[in-house]
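# Structural overview for review
Listed below are the residues making up each chain.
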Amino acid sequence: MTWAVIGGSGALPMAAAFAPAELPPNRFGEPAAGACRGVIAGRDVLYLPRHGRPRHLAPHLVNYRANLEALRAAGVRGVVGLNTVGGIGPSAATGAILVPDQLIDYTWGREHTFAEPDRLLHVDFAEPFDAALRRRLLDAAARAGLAAVDGGVYGATQGPRFETAAEIERMARDGCDLVGMTGMPEAALAREAELDYAMVSLVVNPAAGRAENPFDMAAIQATAADGMARIERLLLAFFEGLDGG
Ligand code: HPA
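Read on for a plain summary of the structure.

How each quantity is defined
- Residues numbered from 1 in each chain as written.
- Predicted model: local features only at pLDDT ≥ 70, side-chain atom pairs only at ≥ 80, totals over all residues.
- Heavy atoms only, no water.
- Helix = DSSP H or I, 4+ residues; strand = E, 2+ residues; numbered from the N terminus.
- Rg over C-alpha atoms; globule rule 2.2 N^0.38 Å.
- Buried < 20%, exposed > 50% of the residue type's maximum accessible area, 1.4 Å probe, protein only.
- Contact = heavy atoms within 4.5 Å.
- Areas by Shrake-Rupley, 256 points an atom, 1.4 Å probe, with all protein chains shown as cover.
- Lys, Arg positive; Asp, Glu negative; His and termini not counted.
- Charge placed at Lys NZ, Arg CZ, Asp CG, Glu CD.
- Core = buried A, V, L, I, M, F, W, Y, C linked by side-chain atoms within 4.5 Å.
- Near = heavy atom within 4 Å.
- Polar contact = N/O pair within 3.5 Å; in protein donor to acceptor, adjacent residues only side chain to side chain.
- Nonpolar A, V, L, I, M, F, W, Y, C, P; charged D, E, K, R; others polar.
- Phe/Tyr/Trp six-rings, centres within 6.5 Å; stacked < 30°, edge-to-face > 60°.
- Patch = residues over 30% accessible without salt bridge, like charges linked within 9 Å, V, L, I, M, F, W, Y side chains within 5 Å.
- Salt bridge = Lys/Arg side-chain N within 4 Å of Asp/Glu carboxyl O.

Moving on to the overall build of the protein. When helices and strands are counted, the protein shows five helices and 11 strands. Computed over the C-alpha atoms, the radius of gyration of the protein is 17 Å, within 12% of the 18 Å expected from 2.2 N^0.38 for a compact globule of 245 residues. Principal axes of the C-alpha set define a box for the protein whose edges measure 45 × 45 × 35 Å. A burial count over the protein gives 53% of its 245 residues as buried. The long-range fraction of contacts in the protein, counting pairs at least 24 apart against all pairs at least 6 apart in sequence, stands at 81%. Carbon and sulfur atoms make up 53% of the accessible area of the protein, which totals about 10900 Å². The averaged location of the 29 negative side-chain charges in the protein is 2 Å from the averaged location of its 22 positive side-chain charges.

What follows is the structure, encoded as structure tokens:
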């Protein structure tokens, strides 16, 4: 099975050494620029930086449909989506890695489905992430000696601005543990495209209204760099642990 990793705002260090990969445009448009291919634990893996490389696409401008279609057309069947998030719930302290098990979609106006007038798609999305893939990611974290939280509700907001404190309060009441801007429609499109999909989320800041200190971009970047190095170890263990599957 061919795998892809969709990278988020935090760069995956090892991807810097990957070879450029050609992902042709498809009927949904251009996939993000900067896709590359590398070998992780003996396995050929496609890496697609969802914001493009250099990073230039804000979350609402990412062409999620073109990205997922490009991966599917390249033979990919399993996708690990990486993202940096704000922490809302007690399990989401800054620096924590979570493998969410649920999501709530607050985005709007994005191209969010492959359904078309002559192609009705009512996919089952009660469990938005692939259970077996989530388990494999969590097992990989354990083997790598990394703490990763099993589960959490990811709230997907529109961005690119951060939320208001009241919006985060509402999201907390809704049951959200994390807030990010890219989990949707990516997860739903992956389901429609019949790709196994799960996310690994890195908390880089307390969500709006929950910080003791003022917003500090340098601190966020330092947390992201440290966290992505840990996520890289998680991915190494994940790909090492795949046997033929
Ligand atoms: N809100 C939304 N998206 C984010 C945040 C946040 O606080 N941090 C990182 N991505």
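Residues Leu71, Leu82, Leu137, Phe238 and Phe239 are the most contacted members of the largest nonpolar core, which totals 72 residues. Here the element with the most residues in this core is helix H5 (residues 217-241); it accounts for nine residues. Ignoring any residue separated from it by four or fewer positions in sequence, one finds Leu71 in contact with Ala4, Ile6, Leu23, Leu46, Leu48, Val76 and Val79. Core analysis: the second largest hydrophobic core is formed by eight residues, Ile88, Val153, Cys176 and Ala207 among them.

The next thing to look at is the site of the ligand. Around the ligand, the surrounding shell consists of Thr84, Val85, Gly86, Phe162, Glu163, Val179, Gly180, Met181, Val204 and Asn205. Here a nitrogen atom of the ligand and a backbone polar atom of Thr84 are 3.3 Å apart. A distance of 2.6 Å separates a nitrogen atom of the ligand from a polar side-chain atom of Asn205. In isolation the ligand offers 260 Å² of accessible surface; the protein chains occlude 92% of this area. When contributions to the shell around the ligand are tallied by element, the ones reaching two or more residues are strand E5 (76-87), strand E10 (178-180) and strand E11 (196-206). Considering only residue class, the shell around the ligand consists of five nonpolar, four polar and one charged.

Our next topic: helix H4 (residues 183-192). Count 3.6 residues to each turn of an α-helix, and residues three or four apart come out pointing the same way. Across the 10 residues that make up H4, a large majority, nine, are buried. Where H4 is concerned, the buried positions are Gly183, Met184, Pro185, Glu186, Ala187, Ala188, Leu189, Ala190 and Glu192. Along its buried surface, H4 packs onto strand E1 (2-7), helix H1 (64-73), E5, strand E7 (102-105), strand E9 (153-156) and E11. Following H4 by one or two positions, Glu194 has its phi on the positive side, about 60°.

At the junction of Gly159 and Pro160, the peptide bond is cis and its omega measures out at -5° in the coordinates. Tracing the backbone shows Pro160 in the loop between E9 and helix H3 (165-174). Cis peptide bonds are those with omega within 30 degrees of zero, and the linkage from Met184 to Pro185 qualifies with 10°. By the element assignment, Pro185 lies in helix H4. Phi is positive for Ala41, which is not a glycine, with a value near 50°. Note on placement: Ala41 falls in the loop between strand E3 (36-40) and strand E4 (43-49). The partly exposed category is assigned to Ala41, whose relative accessible area is 37%.

As a further point, take the packing of aromatic side chains. Counted by the stated rule, this structure contains six aromatic pairs. For the pair Trp3 and Phe238, a centre-to-centre distance of 5.2 Å together with 85° between the ring planes defines the contact as edge-to-face. Highlighted residues: Trp3 in strand E1 and Phe238 in helix H5, separated in sequence by 235 residues. You can call Trp3 buried: its relative accessible area is 1%. On the basis of relative accessible area, Phe238 is assigned to the buried category, the value being 2%. Among the aromatic residues, those joined into a cluster by ring pairs are Trp3, Phe238 and Phe239.

Residues Phe162, Phe215 and Met217 make up a contiguous nonpolar surface patch of roughly 330 Å² in combined accessible area. Here Phe162 shows up in the loop between E9 and H3.

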